[in-house]
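Analysis of the macromolecular model
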Amino acid sequence: HKVDEWSFSQNGVNMGRIEITFLNNRCFIDPNQILENVHKLKDFPIYIIHGNWDVVCPPNQGQALLHALTEHDVTYYATIAGHSAAEIENIHYLI
């Protein structure tokens, strides 16, 4: 089975270690750090692609970011995907 092959491969183990390190360190950002610093993005176009089934960054977080960016050039896409950029519904908006 492909999932089992990946899960127990060295790459799968390494990915798991990286994910645990990030989660144990709150992804190396302070609470609300992104929302409190959106003013620094004012000169950049912003694209938010957020999966409605994302359990890593729940949809309400993407919507909070969208509302914080009221003075910015923002394009927002809500998809039926989860968190992964490899999901076809997210890929559609990434390319």
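Here the structure is a predicted model, which means the values were calculated and not measured.

Quick notes on a nonpolar patch on the surface
Taken together, Ile18, Phe22 and Phe28 make up a surface patch of nonpolar side chains, about 300 Å² in accessible area. Topologically, Ile18 is positioned in helix 2 (residues 10–24). Its relative accessible area of 47% is what places Ile18 among the partly exposed residues.

Considering unusual backbone geometry
Trans peptide bonds make up the majority, and among non-glycine residues the majority have a negative phi. One non-glycine residue, Arg26, adopts positive backbone phi at about 50°. Its location among the elements puts Arg26 in the loop between helix 2 and helix 3 (33–36). On the basis of relative accessible area, Arg26 is assigned to the exposed category, the value being 63%.

Here we look at the environment of Gln63
Take Gln63: it is sitting in helix 4 (residues 59–68). On the basis of relative accessibility, which here comes to 37%, the residue Gln63 falls in the partly exposed class.

What about the packing of aromatic side chains?
What the rule picks out here adds up to 2 aromatic pairs. Residues Phe22 and Phe28 carry aromatic rings whose centres are separated by 5.1 Å and whose planes lie at 85° to one another, so their mutual orientation is edge-to-face. Taking 4.1 Å as the distance between ring centres and 25° as the angle between the ring planes, the aromatic pair formed by Tyr77 and Tyr93 counts as stacked. Taken together, the residues Tyr77 in strand 2 (residues 74–79) and Tyr93 in helix 5 (residues 88–94) connect sequence positions 16 residues apart. Judged by relative accessible area, Tyr77 falls into the partly exposed class, the value being 28%.

Here we look at the state of the cysteines
Counted by the stated rule, this structure contains 0 disulfides. Here Cys27 stays unpaired: no disulfide links it, and the sulfur of Cys57, its closest cysteine neighbor, is 7.2 Å away.

Reading the values: rules and limits
Residues numbered from 1 in each chain as written. Predicted model: local features only at pLDDT ≥ 70, side-chain atom pairs only at ≥ 80, totals over all residues. Heavy atoms only, no water. Patch = residues over 30% accessible without salt bridge, like charges linked within 9 Å, V, L, I, M, F, W, Y side chains within 5 Å. Areas by Shrake-Rupley, 256 points an atom, 1.4 Å probe, with all protein chains shown as cover. Salt bridge = Lys/Arg side-chain N within 4 Å of Asp/Glu carboxyl O. Helix = DSSP H or I, 4+ residues; strand = E, 2+ residues; numbered from the N terminus. Buried < 20%, exposed > 50% of the residue type's maximum accessible area, 1.4 Å probe, protein only. Phe/Tyr/Trp six-rings, centres within 6.5 Å; stacked < 30°, edge-to-face > 60°. Disulfide = S-S within 2.5 Å.

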